[in-house]
Amino acid sequence: MSRPVSEDHSVDNATPYHSMEIGSSLTLGQLLKNVSDVRKVDAGDETPLHSSQGDQDYDDLMRPVPFVLSFNNLTYNVSVRRKFNLIPRRSLSSSKTKTLLDNISGETRDGEILAVLGASGSGKSTLIDALANRIAKGSLKGKVTLNGEPLQSRTLKVISAYVMQDDLLFPMLTVEETLMFAAEFRLPRSLPKSKKKLRVQTLIEQLGIKNAANTIIGDEGHRGISGGERRRVSIGIDIIHDPIVLFLDEPTSGLDSTSAFMVVNVLKKIAESGSIVIMSIHQPSHRVLGLLNRLIFLSRGKTVFSGSPASLPGFFARFGSPVPENENQTEFALDLIRELEGSAGGTRGLVEFNKRWQEMKNRSPPASPNPNLTLKEAISASISRGKLVSGGGGGSSVVSHGGFANPFWIEIKTLTERSILNSRRQPELFGTRLAAVLVTGFILATVFWRLDNSPKGVQERLGFFAFAMSTMFYTCADALPVFLQERYIFMRETAYNAYRRSSYVLSHAVVSLPSLVFLSLAFASTTFWAVGLEGGPMGFLFYCLIIFASFWSGSSFVTFLSGVVPHVMLGYTIVVAILAYFLLFSGFFINRDRIPQYWLWFHYLSLVKYPYEAVLQNEFSDPMECFVRGVQMFDNTPLGQLSYGMKLRLLDSVSRSIGMRITSSTCLTTGADILRQQGVTELSKWSCLLVTVGFGFFFRALFYLCLLFGSKNKRR
């Protein structure tokens, strides 16, 4: 068969280079140091420290270095469980293996856009995830190489970026603030603030969003930027450090044709700056197709076409289905593939024809213009030309160690600033929470107004404390949506080492503390004197502390659950149920001594138990305070209905019977007696306070473990 006229000659020139081992090659750290020196000389800052390499090293570093990303025989299978209801009231289950990728091969290079096309369920997003190392190790077969060398996960995290299909942004930040925070995360501390701002301004110009720079992102309740601008901001966040490889999952999804063209045009400029751009796209327009360099069409995990847009008409003409004139080539191809998928033979014939087509195109030997650089050396030389924005030598540690651009305290500071700024522009959220606490406090204060020291007053105090302490935990349930809303932003940012998970956990805790302090003071001030609690100023101080500790442990508990539960409504259901159990076993409804042994463990795990016992001790710890005197012993009994004179005669009769004089003023029950009756004898109030605070730290640690092991953002 003769070679077709529309043959894609660019494919022949895109074969990966086979690097040669050079015994005297420098380490990546040394090369990066040389790169830093070259940059300083170009900027006129200082003389390079490693000038002994001579002009040849300078020329090698500044020479354009091509990158070729190749993938061969990528295969990905998943197990799908099926249930058969063949027998009434009994189901039989079996597993079936489904192939999502079937021996997919191809390649692309810097300066080009590789687009993966296909119908829904064809495997587009799966292929992007496979190339971006977002499929768990061991599940994916085949290999992905860059310049002929296997791509290590740590290296890929540094030199690449992944733009998700959904625009995951903080709604109350402006476009410029959003990109500036991304710069703070991804660019090293050694890069001056002024240069980070310059990088952001340059990127805003490149993305074509200068007119929207000071407009908030917006959401359903706040008007912000348009959909196309949101998509370009999402892309900007991930290319702030100018990555060598950029992956995008359907960046034009949901956009009109003009916005889609503008987005792909931005991607074209990014590719021409020396990046490899790989994206999935559903159905590109004619204008968008003109910006693409390579296409891969997938059908149910198999390749049905791989080549340049120019070779598409010739491919289908030779297959026997020529593209009609004045018809969108990709629309025709996708319609034909869908038609074949619905036929008896499926796309098997098209798959086999594509294999023969590829064999025919790859007859000529591949060209290798520069085989002498290893991958590390190529990355170093690329950095010297401005890729992977770094602060001079600051890029060395990041690239060579696959680590983070900033130390953890810088990450905590930046995360905290971003959260506070986003929250400050939504004052209604904290205002609603504060109002709820104040209304609850007001209701409790008016219901339990000025309790006395009678036996009835004691029972009412116990009820007030139980309800008040449980309210602290229920009020914290509104913290549940906070992380659920940020979950995918967090996963996107940590997937490529924007910051450490531990930094996020610490920042999350720091941001929550000021609001908890205000809520604690508001509730304590509303109820302490109105209810008539004991202890004076020191008693009020401890009351504030235990309320704050309750808020702290409650918010930590809810935060931990938000890391485990994926849905808000399910989370609320679990929180309400567990807090109800905590209250049941707190010791108010049933004393510790009366709880069955097989449930006693839950009593000690109850978050409500410790603040409840702490406020009881704070209230009843005064040894001089008496709560039952003389005839008050008959209160809360049927004898309480008798007249006062009859109670005195009964009291005199009891005195003669036990041989002890008891008058109407004799103290029969002190605060210590009440604590013993309630089973509050094991821990002091300060110990209860420390346990409550400790629970807060414990759940924060569990939250960190959830993020560490439960947010890998990889397919299994």
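No experiment lies behind these values; they were computed from the predicted model shown.

Asker: Give me helix H7 (residues 193-207): which residues, what numbers.
Answerer: Counted at 1.5 Å a residue, the expected span for H7 with its 15 residues is 21 Å, and the 21 Å between its end C-alpha atoms agrees. Residues of H7 that are buried make contact with helix H6 (175-186), helix H8 (227-238) and helix H9 (257-272). Gly208 sits one or two positions beyond H7 and adopts a positive phi of about 70 degrees.

Asker: Explain the pattern of salt bridges residue by residue, including any values.
Answerer: Within the structure shown, the criterion is met by 24 salt bridges. In this structure, Lys196 engages Glu184 in a salt bridge whose closest nitrogen and oxygen atoms are separated by 3.4 Å. Remark: Glu184 occurs in helix H6 and Lys196 occurs in helix H7; sequence separation between them is 12 residues. The class for Lys196 is buried, based on a relative accessible area of 5%. Glu184 sits in the buried class, given a relative accessible area of 12%. A salt bridge links Glu613 to Lys609, with the shortest nitrogen-to-oxygen separation between them at 2.8 Å. Placement of both Glu613 and Lys609 in helix H24 (residues 609-620) is noted, with a separation of four residues, approximately one turn of the helix. Connected through shared salt-bridge partners, Glu184, Lys193 and Lys196 make up one network.

Asker: Residue-level account of the sheet that holds strand S7 (residues 245-249), with values.
Answerer: Here we have six strands laid out as an open sheet, ordered S6-S7-S8-S3-S9-S10, and mixed in their pairing. Bordering the open sheet on either side are strand S6 (160-163) and strand S10 (302-307), each of which pairs with just one other strand. Neighbour-to-neighbour, the strand axes of the sheet open up by a mean angle of 15 degrees, direction not taken into account. Relative to S7, S6 is paired through four bridges, and the arrangement is parallel. Each bridged residue has a counterpart across the sheet, and for Ala161 the counterpart in S7 is Leu246.

Asker: Help me get a handle on the pairing of strand S8 (residues 276-280), residues and values and all.
Answerer: Of all five residues in S8, five are buried, a share of seventy percent or more. The alternating pattern of S8 places Ile276, Ile278 and Ser280 on one face and Val277 and Met279 on the opposite face, and all of these are buried. With four bridges connecting them, strand S3 (residues 113-117) and S8 associate as parallel partners. The residue of S8 that forms the bridge with Val116 is Ser280. By the bridge criterion, five bridges tie S7 to S8 in an arrangement that is parallel. Along S8, the bridge assignment pairs Leu248 with Met279. The handedness of the S7 to S8 crossover, carried by H9, is right-handed.

Asker: I'd like to hear about the packing of aromatic side chains, residue by residue, with values.
Answerer: By the definition in use, this model includes 41 aromatic pairs. Taking 5.6 Å as the distance between ring centres and 65 degrees as the angle between the ring planes, the aromatic pair formed by Phe448 and Phe464 counts as edge-to-face. Linking Phe448 in the loop between helix H17 (427-447) and helix H18 (455-475) with Phe464 in helix H18, this pair joins segments that are 16 residues apart in sequence. Note on Phe448: relative accessible area 16%, which makes it buried. Geometrically, the ring pair formed by Phe483 and Phe703 is edge-to-face, given 5.2 Å between the ring centres and 90 degrees between the ring planes. Remark: Phe703 occurs in helix H27 (residues 685-710) and Phe483 occurs in helix H19 (residues 480-495); sequence separation between them is 220 residues. Among the aromatic residues, ring-to-ring pairing joins Phe557, Phe560, Tyr581, Phe582, Phe585, Trp599, Trp601, Phe602, Tyr610, Phe695, Phe698 and Phe699 into one connected group. Residue placement shows Arg450 over the ring face of Trp449; its charged tip is 5.8 Å from the ring centre. Stacked on the ring of Tyr610, the Lys or Arg Lys609 has its end atom at 5.1 Å from the ring centre.

Asker: Would you mind going over the state of the cysteines in detail, with residue names and values included?
Answerer: As used here, a disulfide is simply a covalent bond connecting the sulfur atoms of two cysteines. Taken as a whole, this structure holds one disulfide when the rule is applied. There is a disulfide in this structure between Cys626 and Cys667, and the S-S distance comes to 2.2 Å. Measuring the twist about the S-S bond at about 110 degrees, one finds the Cys626-Cys667 disulfide to be right-handed. Here Cys667 lies in strand S12 (residues 667-670) and Cys626 lies in strand S11 (residues 626-629), a separation of 41 residues in the sequence.

Asker: How would you explain the environment of Asn77 if you had to name every residue and give the values?
Answerer: Positionally, Asn77 belongs in strand S1 (residues 68-87). For the pair Asn77 and Leu100, spaced 23 residues apart in sequence, the C-alpha separation works out to 5.8 Å. Looking at Asn77, its side chain comes within polar contact range of the side chain of Thr99, at 2.8 Å.

Asker: Outline the pairing of strand S4 (residues 140-146), listing residues and values.
Answerer: Side chains on a regular strand alternate between the two faces of the sheet. Strand direction decides the pairing type here: S4 and strand S5 (residues 149-150), joined by two bridges, are antiparallel. Within S5, the position partnered with Thr145 by the bridge is Pro150. The antiparallel pairing of S4 with S5 creates a hairpin that spans two residues between the two strands, and Asn147 there sits at a positive phi of about 55 degrees.

Asker: Outline helix H4 (residues 124-131), supporting the account with residue identities and numerical values.
Answerer: With respect to burial, H4 is a largely interior element, eight of its eight residues being buried. All buried positions along H4 are accounted for by Lys124, Ser125, Thr126, Leu127, Ile128, Asp129, Ala130 and Leu131. Directly after H4, the chain includes Asn133, whose backbone phi takes a positive value near 60 degrees.

Asker: Account for the UniProt feature "transmembrane region" (unreviewed entry) in the protein, with residues named and values stated.
Answerer: Those places that UniProt annotates as "transmembrane region" (unreviewed entry) correspond, in this numbering, to residues 430-451, 463-484, 505-528, 540-561, 568-590 and 689-710. Segment residues 463-484 splits into 82% helix and 0% strand. End C-alpha atoms: 34 Å apart. Between the end C-alpha atoms of residues 540-561 there is a gap of 32 Å, over a span that is 100% helix and 0% strand.

The rules we used
Residues numbered from 1 in each chain as written. Predicted model: local features only at pLDDT ≥ 70, side-chain atom pairs only at ≥ 80, totals over all residues. Heavy atoms only, no water. Helix = DSSP H or I, 4+ residues; strand = E, 2+ residues; numbered from the N terminus. Expected span 1.5 Å × (residues − 1). Contact = heavy atoms within 4.5 Å. Salt bridge = Lys/Arg side-chain N within 4 Å of Asp/Glu carboxyl O. Buried < 20%, exposed > 50% of the residue type's maximum accessible area, 1.4 Å probe, protein only. Pairing = 2+ DSSP bridges. Axes fitted to C-alpha atoms, helices over the stretch in contact; angles between N-to-C directions. Right-handed = clockwise from strand over helix to strand, strands pointing away. Phe/Tyr/Trp six-rings, centres within 6.5 Å; stacked < 30°, edge-to-face > 60°. Lys NZ or Arg CZ within 6 Å of the ring centre and 35° of its normal. Disulfide = S-S within 2.5 Å. Polar contact = N/O pair within 3.5 Å; in protein donor to acceptor, adjacent residues only side chain to side chain. UniProt positions renumbered as here; feature names shortened; annotations may be inferred.

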